[in-house]
Amino acid sequence: MEDRVFAQFADVLALDPLANRAELVYNEYPGWDSVAHMTLIAALETEFDCMLEMDDILDMSSFAKAVEIMQKYG
Amino acid sequence: MADPISLSGKLAVITGGTRGIGLAISETLAAHGASVVINTHANEALASDLARRLATTYGVETDYVVGDVAFAQTADQLARKAFGLAKRLDIYVNNAGIMRDGLIGMVPQQDVDAVIGVNLEGVIHGTQAAARAMRRGGGGSIINISSIMGRVGNSGQLVYSAAKAGVLGATKAAAKELAPLNIRVNAIAPGFIATDLTAQLAADKVEEKVRNIAINRVGQPQDVANLALFLASEMASYITGQVIGVDGGMLV
């Protein structure tokens, strides 16, 4: 699960495979702004073949939180 | 050469799609090959019958969602239904609307809430749900049905005019934000169109309104649907953020 989620982050944010996942925080990590966030949501929805709830989109404030949220859909 | 007005293989959502202008749009998009998901506020039998008829007549996939567009859940259900049907969403027509006229000082709060809820908040909810689904497919067309009253205002229509003007602002804002995602957003501003609403008017009132229409006739739902078809199609691939009147040159 974590690697599936990270693969989408890596693709959208152009991350190094060895990037520190704990540093991935919305609006703090370079490049993870609101535009990238919606692109990331679309990538996750495609990967997990789902449509996220609005609350989950707004709550997805870090990589760790994203993994936690995607557990519901994966 | 491929038919540029064909919607074959595309999926469209039409809110308020069972009557009047919405019905004409549902039928026209289906007739040009689009699969359709139709929304109705309450009349499930009507939506079910229409979905079945369009599928049989035009050989497209159809489905429907019963729900009030004033609530975000309805737009969410429509987007989910579209994805469930075809794994895509190409066209979203924010058509559902209500009219509660009243002179200034005599409009109750519940009418304000209802008109703003359906006519404006419904468009915002629909735009959010549509944009999310469309970006996964690489683009799409959102068509908002406003009104001539949203452009010029009208006596006795304080709230309706405000809500429909709000639709124009939402259209322009969404067009700017979504253009980089290849999602076009345009608005149609119909004038005096023959629907259930206008059918309630007395003959002399209709004649009075027609006198103010340069083309000298009441508009038909198909007049609006024809423009919706164009905006939904690849023919309009370079058009976004526009408000186009379908009013026969009407003066208000």
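See the structure shown above.
These figures come from a predicted structure and were not determined experimentally.

## Section: the sheet that holds strand β1 (residues 11-14) of chain B
All names here are of chain B.
Right, so step 1: Spatially, 7 strands are ordered β3-β2-β1-β4-β5-β6-β7 in an open sheet, and the strand pairing comes out parallel. Among the strands making up the open sheet, the edge pair consists of β3 (62-66) and β7 (243-246). Geometrically, the sheet is characterised by an average inter-axis angle of 20 degrees between neighbouring strands, direction not taken into account.
Right, so step 2: Both strand β6 (residues 183-190) and β7 contribute to a ladder of 4 bridges, which runs parallel. Paired with Ala187 across the two strands is Val243, which belongs to β7.

## Observations concerning the packing of helix α1 (residues 2-13) of chain A against helix α4 (residues 63-70) of chain A
Residues and elements named next belong to chain A.
Right, so step 1: One can describe the packing of α1 onto α4 by two numbers: an axis separation of 10 Å at closest approach and a directional angle of 125 degrees. What the angle tells us is that α1 and α4 run oblique. Crossing handedness for the pair α1 and α4: right-handed. Contacts between α1 and α4 pair Glu2, Val5, Phe6 and Phe9 from the former with Phe63, Ala66, Val67 and Met70 from the latter.

## Here we look at the nonpolar core
Right, so step 1: Formed by 30 residues in total, the largest nonpolar core has its most connected members in Ile25, Leu29, Val36, Ile91, Val93, Ile143 and Ile188 of chain B.
Right, so step 2: Sorting the residues of this core by element identifies β1, α1 (20-31), β2 (35-40), α2 (44-58), β4 (91-94), β5 (140-145) and α9 (221-232) of chain B as the ones contributing at least two each.
Right, so step 3: Examining the composition of this core, we find that 7 residues originate from one element, α9 of chain B, more than from any other.
Right, so step 4: Excluding anything up to four places from it in sequence, Ile25 of chain B contacts Ile14, Val93, Ile145, Ala225 and Ala228 of chain B.
Right, so step 5: If you look at the next biggest cluster of nonpolar residues, it comprises 24 residues, including Phe6, Leu13, Ala36 and Ala66 of chain A.

## Examining unusual backbone geometry
Right, so step 1: Unlike most non-glycine residues, Asn27 of chain A shows phi in positive territory, near 70 degrees.
Right, so step 2: Summarising the element assignment, Asn27 of chain A is placed in the loop between α1 and α2 (34-48).
Right, so step 3: In this structure Asn27 of chain A comes out as exposed when scored by relative accessible area, which is 55%.
Right, so step 4: For Lys87 of chain B, which is not glycine, the phi torsion reads 60 degrees and is therefore positive.
Right, so step 5: Considering the arrangement of structural elements, one finds Lys87 of chain B in the loop between α3 (72-86) and β4.

## Brief notes about the pattern of salt bridges
Right, so step 1: Tallied over the full model, the rule gives 17 salt bridges over all chains.
Right, so step 2: The closest approach of N and O atoms between Arg4 of chain A and Glu47 of chain A, which form a salt bridge, is 3.0 Å. Here Arg4 of chain A, found in helix α1, pairs with Glu47 of chain A, found in helix α2; they are 43 residues apart in sequence, far enough to count as distant.
Right, so step 3: When its relative accessible area of 34% is taken as the criterion, Arg4 of chain A is described as partly exposed.
Right, so step 4: Given the relative accessible area of 32%, Glu47 of chain A is considered partly exposed.
Right, so step 5: The partner of Asp90 of chain B in a salt bridge is Arg88 of chain B, and the shortest N-O contact between them spans 2.7 Å.
Right, so step 6: Note on Asp90 of chain B: relative accessible area 8%, which makes it buried.

So, how was this worked out
Residues numbered from 1 in each chain as written. Chains lettered and ligands numbered in written order. Predicted model: local features only at pLDDT ≥ 70, side-chain atom pairs only at ≥ 80, totals over all residues. Heavy atoms only, no water. Pairing = 2+ DSSP bridges. Helix = DSSP H or I, 4+ residues; strand = E, 2+ residues; numbered from the N terminus. Axes fitted to C-alpha atoms, helices over the stretch in contact; angles between N-to-C directions. Parallel < 35°, antiparallel > 145°, perpendicular 65-115°, else oblique. Left-handed = near helix turned anticlockwise from the far one by under 90°. Contact = heavy atoms within 4.5 Å. Core = buried A, V, L, I, M, F, W, Y, C linked by side-chain atoms within 4.5 Å. Buried < 20%, exposed > 50% of the residue type's maximum accessible area, 1.4 Å probe, protein only. Salt bridge = Lys/Arg side-chain N within 4 Å of Asp/Glu carboxyl O.

From the geometry alone we can't say anything about function, so treat these as descriptive.
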